[in-house]
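Residues per chain, in single letters:
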Amino acid sequence: MVAAMAAFTLNDILMKSLAETVPLFQAIFVRGAFTSVLIGGTALAMGMLHLRLSGRDWGLIGLRCVSEAAAAYFFITALFNMPIGALTAILQALPLAVTLASALFFKDKIGWRRMLAILVGFGGVLLIVRPGGDSFTIYAIYGVATVACATVRDLATKGLSPSVPSLTVTFLTAVSVGGFGGVMALSQPWVTMSGVSLVTLSFAAILIFAAYFTIITAMRVGEVAFVAPFRYSGLLVAVVLGYLVFDEWPIPQTLVGAGILIATGLYTFHRERVVRQQTAR
């Protein structure tokens, strides 16, 4: 999980470094093309590219692909226009949002302690976004929209049949995100990319592939309630690299809000583990 978060964040750093030279949708398309080739080739080699799925699974995969494409648009737009540490801090609300949405749509039971932790965590999001403050921008809202889209994606993934290979889902998602970027790139002038830009995007694709592989392994092999809290390691990587590469450092309110999100997220995971142990006994 730590390796996955580091790979995702390094990918974000590479994408942000192209903000001034490569148009948004062109970057999404080229990275998506590279990623699709890597994931598709791996899935074929491992015999895990299965397209004979039920109508229900195809519908959930379609919902997942649409939400992932929307998340990519909101996230990369925000990434190009705001500090990576602040954006990553907002994304720490995702585990809380998924827990709440699972209770609403899948009737998962959450006690009053976890519900209170979720509400406090969302208060941390408001502290980071600071609506009405001098530093408030539309890109902070894009960060929140990314969390919403990623929540839909994760719920759609949760509803898939166990027989659907993870690499098939990952490949179809990569193709859909790249295809979305390609269609939207038609509305922008196409820029001739330098060799450095192409190498940067190819490395970003490799990092995305590595992140998908390691996070799937972590979630399928490890105990979820134990593994999931290590997602927060990505914030540390984002803050440090944001400072070293872009000379960005989150303001104190952002750090406090991130701390609240992490604390409430860790408590939520702890309570989930306790409940599972009690149920097992």
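Our subject is the structure that appears above.
Everything numeric in this text was worked out from a predicted model, so none of it was measured.

Caption draft 1: Inspection of the overall build of the protein at higher detail. When you go through the protein residue by residue, the secondary structure sums to 12 helices and 0 strands. Mapped in sequence order, the helices and strands of the protein form the string α-α-α-α-α-α-α-α-α-α-α-α. Against the 2.2 N^0.38 benchmark of 19 Å for 281 residues, the protein shows a C-alpha radius of gyration of 19 Å, consistent with a compact globule. Taken along the three principal axes of its C-alpha coordinates, the protein extends 60 × 50 × 30 Å. The contacts in the protein between residues at least 6 apart in sequence include a share of 89% that link residues at least 24 apart. For the protein, the computed accessible surface area is about 13600 Å², with 71% contributed by carbon and sulfur atoms. A gap of 13 Å separates the mean positions of the 18 positive and 11 negative side-chain charges of the protein.

Caption draft 2: Broad picture of unusual backbone geometry. Despite not being glycine, Asp 247 shows a phi value in the positive range, around 55°. For Asp 247, the location among the structural elements is in the loop between α11 (233–246) and α12 (252–280).

Caption draft 3: How the structure looks around helix α8 (residues 166–185). Taking 1.5 Å as the rise per residue, α8 with 20 residues should run 28 Å; its terminal C-alpha atoms sit 28 Å apart, in good agreement. With 14 of 20 residues buried, α8 lies mostly within the body of the structure.

Caption draft 4: Geometry of the nonpolar core. Judged by nonpolar contacts, the single largest core of 47 residues is most densely connected at Met 15, Ile 76, Ile 90 and Leu 201. Not counting residues up to four positions away in its chain, the partners in contact with Met 15 are Ala 27, Arg 31, Ile 76, Leu 79, Phe 80, Leu 201 and Ala 204. Formed by 15 residues, the second largest nonpolar core is a distinct cluster that contains Leu 53, Ile 61, Val 169 and Ile 208.

Caption draft 5: Quick look at the environment of Thr 42. Examined against the element boundaries, Thr 42 turns out to sit in helix α2 (residues 24–45). The sequence separation of Thr 42 and Tyr 139 amounts to 97 residues, and the corresponding C-alpha distance is 35 Å. Every residue in contact with Thr 42, bar those within four places of it in the chain, is listed here: Leu 167 and Phe 209.

Caption draft 6: Spatial organisation of the packing of aromatic side chains. As enumerated under the stated definition, the model contains 10 aromatic pairs in all. For the ring pair Tyr 139 and Tyr 142, a centre distance of 5.9 Å and an interplane angle of 80° mean the geometry is edge-to-face. Residue Tyr 139 and its partner Tyr 142 are located together in helix α7 (residues 138–158), separated by 3 residues, close to a single helical turn. Measuring from ring centre to ring centre gives 5.8 Å for Tyr 243 and Trp 249, while their planes differ by 85°; the resulting arrangement is edge-to-face. By relative accessible area, Tyr 243 is classed as partly exposed at 44%. Exposure remark for Trp 249: the relative accessible area of 53% places this residue in the exposed category.

Caption draft 7: Molecular detail of the side chain of Arg 64. As for its placement among the helices and strands, Arg 64 is situated in helix α3 (residues 55–81). Among buried Asp, Glu, Lys and Arg side chains, Arg 64 stands out as unpaired, with Glu 68 the closest opposite charge at 4.5 Å. Once residues within four sequence positions are removed from consideration, Arg 64 is found in contact with Arg 153, Ala 156, Thr 157, Val 169 and Thr 173.

Caption draft 8: Molecular detail of helix α6 (residues 112–129). In this model, α6 (18 residues) spans 26 Å end to end at C-alpha, consistent with the 26 Å of a helix rising 1.5 Å per residue. For α6, every residue scored as buried is listed here: Arg 114, Ala 117, Ile 118, Gly 121, Gly 124, Val 125, Ile 128 and Val 129. One side of α6 carries all its buried residues, which in axial view fall inside an arc of 130°. Residues of α6 that are exposed and point over 90 degrees away from its buried face: Trp 112, Leu 119 and Leu 126. Of the surrounding secondary structure, the elements contacted by the buried residues of α6 are α4 (84–91), α5 (94–105), α7 and α12. Phi turns positive one or two residues past the end of α6, at Arg 130, with a value near 55°.

Caption draft 9: A look at the state of the cysteines. A full pass over the atoms with the stated rule returns 0 disulfides. As a non-bridged cysteine, Cys 65 has Cys 149 as the owner of its nearest cysteine sulfur, 13 Å distant.

Caption draft 10: Structural detail: the packing of α5 against α12. Close contact between α5 and α12 brings their axes to 9 Å; oriented N to C, the two are set at 45°. Between α5 and α12, the angle falls in the class oblique. Considering how the two elements wind past one another, α5 and α12 form a crossing that is left-handed. Across the interface between the two elements, Pro 95, Leu 96 and Thr 99 from α5 touch Leu 261, Thr 264, Gly 265, Thr 268 and Phe 269 from α12. Its residues placed into classes, the contact of α5 with α12 shows 4 nonpolar, 4 polar and no charged.

Caption draft 11: Highlighting the side chain of Thr 173. With respect to the helices and strands, the residue Thr 173 is situated in helix α8. Among the residues examined, Thr 173 registers a relative accessible area of 1% and is labelled buried. Look past the residues within four positions of Thr 173 in its chain and what remains in contact with it is Arg 64, Cys 65 and Glu 68.

Cut-offs used in this document
Residues numbered from 1 in each chain as written. Predicted model: local features only at pLDDT ≥ 70, side-chain atom pairs only at ≥ 80, totals over all residues. Heavy atoms only, no water. Helix = DSSP H or I, 4+ residues; strand = E, 2+ residues; numbered from the N terminus. Rg over C-alpha atoms; globule rule 2.2 N^0.38 Å. Contact = heavy atoms within 4.5 Å. Areas by Shrake-Rupley, 256 points an atom, 1.4 Å probe, with all protein chains shown as cover. Lys, Arg positive; Asp, Glu negative; His and termini not counted. Charge placed at Lys NZ, Arg CZ, Asp CG, Glu CD. Expected span 1.5 Å × (residues − 1). Buried < 20%, exposed > 50% of the residue type's maximum accessible area, 1.4 Å probe, protein only. Core = buried A, V, L, I, M, F, W, Y, C linked by side-chain atoms within 4.5 Å. Phe/Tyr/Trp six-rings, centres within 6.5 Å; stacked < 30°, edge-to-face > 60°. Salt bridge = Lys/Arg side-chain N within 4 Å of Asp/Glu carboxyl O. Arc of directions from axis to C-beta. Disulfide = S-S within 2.5 Å. Axes fitted to C-alpha atoms, helices over the stretch in contact; angles between N-to-C directions. Parallel < 35°, antiparallel > 145°, perpendicular 65-115°, else oblique. Left-handed = near helix turned anticlockwise from the far one by under 90°. Nonpolar A, V, L, I, M, F, W, Y, C, P; charged D, E, K, R; others polar.

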